[in-house]
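Residue strings, one per chain:
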Amino acid sequence: MSDAKKFMYINRKAPYGTIYAWESLEVVLIGAAFDQEVSLAFVDDGVYQLMKGQDTSEVGIKNFSPTYSALGDYDVNKIYIEKESLEARGLTLDDLQHLVWEDEDEDWAEKDSIRVVTSAELAELFDTQDIVLSF
Amino acid sequence: MSILHTVNKSTYERDTLEACVRLAAKGGSVLLIEDGVYSAMSGGNKSSVIENAKGDLSFYVLGPDIKARGLSEDRLIDGIKVIDYKGFVELTVSNDTVSAWL
């Protein structure tokens, strides 16, 4: 492997109430153009960013949630959701968008991008990163 | 005197709703707006904040904000009323004052 670095983006804010979620997504998409190893973690209120069925037509804010489904096309396919954060909010994986990517090495087989992990597993993942950016 | 309290923060991130509920006089109204609407969902470990207070306070949630966030009206805590912007205006004029908790 060349000089690609492992980037982890931590998302901890709900969408719309603040600009963090949208800013993070923009940075992720920009970063993805530089062929780095990117992964995303959604913890605390950040898990709300991936809720299905968002419709902002009555609040006058751009609905950026469909953009998450484009991440797979940018080779951003390691998306970790903290189990404890989902459970604390009464949510399950079914409440979130189904994000997938196509594996070039396996005849473009469609694979899930989202992995639900425990806090302990996430802590280990953080520990292997070169750069961690928090939003 | 009647007060309309508005709360725009998620109770999973801030203690704003807890402070509001603690300090709001019995008979008051609490309207959840923006990220405050997450607090209106049942089944979470902070749902008890509203469950415990709904006997003393009337709770409302702004419909366009729950829709924006992909939340379902079916999963709101029992007793919370969904209102639209017109309802927000009506609540504002029917109370003596509005207190916006940040």
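## Details of the overall build of chain A
When helices and strands are counted, chain A shows 3 helices and 7 strands. For 135 residues, the compact-globule estimate of 2.2 N^0.38 gives 14 Å, and the C-alpha radius of gyration of chain A, at 15 Å, lies within 12% of that figure. The proportion of buried residues among the 135 residues of chain A is 44%. When contacts within chain A are restricted to residue pairs at least 6 apart in sequence, long-range pairs at least 24 apart make up 78% of them. Per element, the accessible surface of chain A, about 7,000 Å² overall, is 48% carbon and sulfur. A distance of 5 Å separates the average location of the 11 positive side-chain charges in chain A from that of its 28 negative side-chain charges.

## Focus on the pattern of salt bridges
Counting across every chain of the model gives 14 salt bridges over all chains. Measuring nitrogen to oxygen at the nearest pair gives 3.2 Å for the salt bridge that ties E87 of chain A to K83 of chain A. Here E87 of chain A and its partner K83 of chain A are both found in helix α2 (residues 83-88), 4 residues apart, which amounts to about one turn of the helix. With relative accessibility at 47%, the residue E87 of chain A sits in the partly exposed group. Between K111 of chain A and E106 of chain A there is a salt bridge, and its shortest N-O distance comes to 3.1 Å. You can call K111 of chain A partly exposed: its relative accessible area is 25%. Salt bridges here are not isolated pairs; linked through shared partners, they connect D55 and E58 of chain A together with K67 of chain B.

## Brief notes about the confidence of the model for chain B
Caution is warranted with low-pLDDT regions, since their predicted coordinates should not be read in detail. With 100% of its residues at a pLDDT of at least 70, chain B reaches an overall mean of 97. In the model output, the complex is listed with pTM 0.95 alongside ipTM 0.94.

## Considerations on the interface of chain B and chain A
Counting residues at the interface gives 18 residues for chain B, matched by 23 residues for chain A. Across the chain B/chain A interface, buried area totals approximately 1,700 Å², and carbon plus sulfur atoms make up 47% of it. Considering only the side of chain B, the residues that lose the most area to chain A are Y38, K67 and A68 of chain B, jointly responsible for 30% of the buried surface there. Taken together, the links from chain B to chain A amount to 4 salt bridges. The residue E13 of chain B makes a salt bridge to K13 of chain A at a minimum N-O spacing of 2.9 Å. Taken together, the connections running from chain B to chain A amount to 10 residue pairs in polar contact (both at pLDDT 80 or more). Of the residues forming the side of chain B that touches chain A, the biggest block, 4 residues, is contributed by helix α3 (residues 63-68) of chain B. A class-by-class count of the residues in the side of chain B that touches chain A yields 6 nonpolar, 5 polar and 7 charged.

## Overview of the nonpolar core
Core analysis: the biggest nonpolar cluster contains 52 residues, and L40, L50, Y68, I79 and I81 of chain A together with L17 and F59 of chain B have the highest contact counts within it. Mapped onto this core, the elements with two or more residues apiece are β1 (6-11), α1 (20-32), β2 (37-42) and β3 (79-82) of chain A together with α1 (16-23), β2 (29-32), α2 (48-53) and β3 (58-62) of chain B. Beyond its immediate chain neighbours, meaning those up to four positions away, L17 of chain B contacts V7, T11, V30, L32, S39, V49, I50 and F59 of chain B.

## Concerning a negative patch on the surface
Together, D35, D73, D75, E102, E104, D105, E110 and D112 of chain A make up a region of like negative charge exposed at the surface. Within the secondary structure, D35 of chain A sits in the loop between α1 and β2.

## Side note on the pairing of strand β1 (residues 3-7) of chain B
All names here are of chain B. Of all 5 residues in β1, 4 are buried, a share of seventy percent or more. In the sheet, β1 pairs with strand β5 (residues 97-101) via 5 bridges, with the strands oriented parallel. Paired with H5 across the strands is S99, a residue of β5. Pairing analysis gives 4 bridges linking β1 to β2, with the strands arranged parallel. Counted as the bridge partner of T6 is L31 from β2. A crossover connection joins β1 to the parallel β2 through α1; in handedness this β-α-β unit is right-handed.

The rules behind these values
Residues numbered from 1 in each chain as written. Chains lettered and ligands numbered in written order. Predicted model: local features only at pLDDT ≥ 70, side-chain atom pairs only at ≥ 80, totals over all residues. Heavy atoms only, no water. Helix = DSSP H or I, 4+ residues; strand = E, 2+ residues; numbered from the N terminus. Rg over C-alpha atoms; globule rule 2.2 N^0.38 Å. Buried < 20%, exposed > 50% of the residue type's maximum accessible area, 1.4 Å probe, protein only. Contact = heavy atoms within 4.5 Å. Areas by Shrake-Rupley, 256 points an atom, 1.4 Å probe, with all protein chains shown as cover. Lys, Arg positive; Asp, Glu negative; His and termini not counted. Charge placed at Lys NZ, Arg CZ, Asp CG, Glu CD. Salt bridge = Lys/Arg side-chain N within 4 Å of Asp/Glu carboxyl O. pLDDT = per-residue confidence, 0-100. Buried area = accessible area lost by both parts, 1.4 Å probe. Polar contact = N/O pair within 3.5 Å; in protein donor to acceptor, adjacent residues only side chain to side chain. Nonpolar A, V, L, I, M, F, W, Y, C, P; charged D, E, K, R; others polar. Core = buried A, V, L, I, M, F, W, Y, C linked by side-chain atoms within 4.5 Å. Patch = residues over 30% accessible without salt bridge, like charges linked within 9 Å, V, L, I, M, F, W, Y side chains within 5 Å. Pairing = 2+ DSSP bridges. Right-handed = clockwise from strand over helix to strand, strands pointing away.

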